[in-house]
Amino acid sequence: MTVRPGALRAAVEQTIVGQRAVVDGMLVALIANGHVLLEGPPGVAKTLAARSLANAIGGTFRRIQFTPDLLPSDIVGTRIFDQRSGEFTTVRGPVFANIVLADEINRSPAKVQSALLEGMQERQATIGPQSFPFPNPFIVLATMNPLDDDGTYALPLAQRDRFALNLYVDYPSREEELAILERFGGGDVPLQQDAVTLDDVRAWRDEAEGVHLEPRLRGYIVDMIRATREPDGARGRYVERGASPRAALMLAHLAKARAVLEGRNYVLPDDIRSLAVATLRHRVGFTYRVASERVNVQELLESFIAQVPAP
Amino acid sequence: MLGIFLPTGTREFTAAFKRLAATALFAVTCVANARAQSLPELTITALSITSQRTSVPEGEAFHVTIHVHATQHDADLSSLILPDMRNLTILGDEKHTTPIPKDGTDYLEVLTVAGVAPGTATISPAYIDARDPSRGGKPFRFSSNSVRITILPQSSGSEPSWEDATKRALRIGAGALIGAVAIVVLGLVLRAVGRARRRTYVTLPPARPVAARPPPRAPDQELDGIRQAAAHLSVERSRARAADVRSALFAYAGARSDETLASLLERIPPERTALRAALRAAERATFVDEPHLQGALEDLLDAVRHVIAA
């Protein structure tokens, strides 16, 4: 019998205090077969969240620390000549895992980023003459620190589009921080092991395919995406490029996954609304004014969404 | 190069000095050109300083407004140099940049200032350095006017003398008398002019009855909306009718047009269990898949009955 996604949520929340939106976002991406870009200041449990998810689903977990001198072969793998057998043998890179944590993805140049991002899209990697499929499920959780811009290589908009969600991991509240101290103040953070299996995850994915999405909710999604492309005067100064139709497809897909997470076989407007900002944040091209006038992107996107009447 | 700095005679010294001067002039020109290239491209059509008051008691706050208008849309006016203020202290600074469609950019900076000591306070011109595209991109310094303000000593706050009070009352009385006479004379003149004119009559169109604004809907009326929608649903068990009931319930609960169930439930007190359950049932009946629709509609009707009964 398939274990429900709620069990996985409970297991991750044993380690991650608070951050319900981040935990749910990761689980939704896992069910929707999408990848997640985690942004936030250092020390807010971005890496821990990824590790706890990997442990809880009982899959393989690899962490790749992106640095300026990293090479594509360090990620994908390489071919080594074996002198004894006189043949080349393939050594697979760390990307061949169920959950890959790409830590500080913007610390490496575009060539290295592309090696990972192409794999994310194709779900396979080519080493020498041969292509190797990634394990199923395969999910990349990439982290970025938005505060340190020095020595970083910004991800282009087209590459950011490969991520299903862009989750912002904020500082915890005072109560949550007290709970963190109380729970983990003594030493190592315990990780919940094998709360669900990889077969459970695959079953949820099949379930999400069959989730019912009412036509009026499709209209709600499309109107929301179009609101980013046709902003009014005040908001128009901040938007250079609106979200693409791929964003609409992804939002529909993610909403279905959230319905599965909540134990439903139909999508509600709340599913769409709760995922809209994280789906759009990295897909909307903002003008320089957003940075120069220190506009809060979250609030800006919320204002776009608020323009659209709920169904 | 060594010859430039080590001349041997007067003529050589003069020639070396000229070369040195030319080199220095060239270097200065290069630096000036480089600086000019870094200036923003602006065509300033207005740059002025206005003061709210021309004379003001010491310590009393008043506003000084700097207005800049550039013909470029979304112009960068950050290089505006604020004026020097003598005998004034700045208490506040507020900036507004307004891009005007087809009419460039308007920039308004309002400084809240106060006089430091009795005497004269001066505000030197504000200026902005820019390359003017309308004048071939040459660097220009656009300057505003200067302003002079009289700072009065603070009033002592002591009681005025009896003589001063009498003089003041007499002055006010005389002024009032002159004003009254002037009004009477003006009234007589206007009356005479009006009589001289021929009277004309205009036939006005009949007045239309004014449509009364519908009174705000009372909660009972909102409840009627739910009753009506539920009655339609009980006759026609369809998703569209369920959506009508949902809309009526959302209106009854005071939902905004962009609001979804989760945020609405956050605002509804937990003790209103019937309404909360009905909203959830309506949400399910509106969006559930087809095989489960009829069961969801039954649940919704049941939940609505509880709301009406409550």
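Residues numbered from 1 in each chain as written. Chains lettered and ligands numbered in written order. Predicted model: local features only at pLDDT ≥ 70, side-chain atom pairs only at ≥ 80, totals over all residues.

### Some remarks on the sheet that holds strand 5 (residues 88–99) of chain B
Residues and elements named next belong to chain B. Selection rule: Note on pairing: DSSP must find at least two bridges between two strands before they are called paired. What counts as a helix is a DSSP run of H or I of at least four residues, what counts as a strand is a run of E of at least two, and both are numbered from the N terminus. Axis definition: a line fit to C-alpha positions, over the contact stretch in the case of helices; interaxial angles, taken between N-to-C directions, run 0 to 180 degrees.
Strand order in this open sheet of four strands is 1-3-6-5, and the pairing throughout is antiparallel. Each edge of the sheet is formed by a strand with only one pairing partner; in this case those strands are strand 1 (44–51) and strand 5. Neighbour-to-neighbour, the strand axes of this sheet turn through a mean angle of 15°, independent of strand direction. Across 11 bridges, the pairing between strand 5 and strand 6 (residues 105–115) is antiparallel.

### Let's talk about helix 9 (residues 215–229) of chain A
A turn of α-helix holds 3.6 residues, and therefore any two residues three or four places apart point the same way. Residue and element names in this part refer to chain A. Stated formally: The span one expects for a helix is its residue count, reduced by one, times 1.5 Å. Burial is judged by counting other C-beta atoms within 10 Å of a residue's own C-beta: 20 or more means buried, 12 or fewer means exposed, and anything between counts as partly exposed, with every C-beta placed from the backbone. Arc, as used here, means the arc of the directions from the helix axis to the C-beta atoms.
With 15 residues, helix 9 extends 22 Å between its outermost C-alpha atoms, agreeing within 8% with the 21 Å of an ideal straight helix rising 1.5 Å per residue. Those residues of helix 9 lying buried are Leu217, Tyr220, Ile221, Met224, Ile225, Ala227 and Thr228. Relative to the axis of helix 9, the buried residues are bounded by an arc of 150° and lie together on one face. The exposed set on the far side of helix 9, more than 90 degrees from its buried face, consists of Pro215 and Gly219.

### Describing the interface of chain A and chain B
Stated formally: Residues are treated as contacting if the C-beta atoms built from their backbones sit within 7 Å of each other. Residue type decides the class: Asp, Glu, Lys and Arg count as charged, Ala, Val, Leu, Ile, Met, Phe, Trp, Tyr, Cys and Pro as nonpolar, and the leftover types, Gly among them, as polar.
Taken together, the contact pairs 14 residues of chain A with 10 residues of chain B. Examining the composition of the side of chain A that touches chain B, we find that three residues originate from one element, helix 12 (residues 269–280) of chain A, more than from any other. Each residue belonging to the side of chain A that touches chain B can be placed in one class, and the counts come to nine nonpolar, two polar and three charged.

### Concerning the sheet that holds strand 2 (residues 55–57) of chain B
All names here are of chain B. Here we have four strands laid out as an open sheet, ordered 2-10-7-4, and mixed in their pairing. Looking at which strands have only one partner, the edges of the open sheet turn out to be strand 2 and strand 4 (85–86). Here two bridges tie strand 4 to strand 7 (residues 119–123), and the two strands are oriented antiparallel to one another. Counterpart to Met85 in the pairing with strand 7 is Ile123.

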